[in-house]
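# Structural overview
Listed below, chain by chain, are the residues.
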Amino acid sequence: MKRLYFPSLIVLLLCLSSCSVITGIFKAGAVVGIISVIVVIALIIWIASMFRGK
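Residues numbered from 1 in each chain as written. Predicted model: local features only at pLDDT ≥ 70, side-chain atom pairs only at ≥ 80, totals over all residues. Heavy atoms only, no water.

## A few points about the overall build of the protein chain
- Of the regular secondary structure elements, the protein chain holds two helices and zero strands.
- The burial tally for the protein chain puts 0% of its 54 residues in the buried class.
- On the protein chain, roughly 5,300 Å² of surface is accessible, and the fraction owed to carbon and sulfur atoms is 80%. (Helix = DSSP H or I, 4+ residues; strand = E, 2+ residues; numbered from the N terminus. Buried < 20%, exposed > 50% of the residue type's maximum accessible area, 1.4 Å probe, protein only. Areas by Shrake-Rupley, 256 points an atom, 1.4 Å probe, with all protein chains shown as cover.)

Here's what the structure looks like:
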């Protein structure tokens, strides 16, 4: 089993570039950040409209 593990690890490391992995993480972080800001702003507007309406 160890004979199969090491070459598979080498192939995996050669196929995955660390820069592309980090770029994907930052892109996902940016998207999550933008969505969370939009949700917070919408929540503030909704709460403000509840107090103004009455």
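Right, picking up where we left off after that structure.
## Here's the deal with a nonpolar patch on the surface
- Side chains of Leu43, Trp46, Ile47, Met50 and Phe51 sit close together on the surface and give an oily, nonpolar patch of about 580 Å² of accessible area.
- Among the secondary structure elements, Leu43 is positioned in helix α2 (residues 18-53). (Patch = residues over 30% accessible without salt bridge, like charges linked within 9 Å, V, L, I, M, F, W, Y side chains within 5 Å. Salt bridge = Lys/Arg side-chain N within 4 Å of Asp/Glu carboxyl O.)

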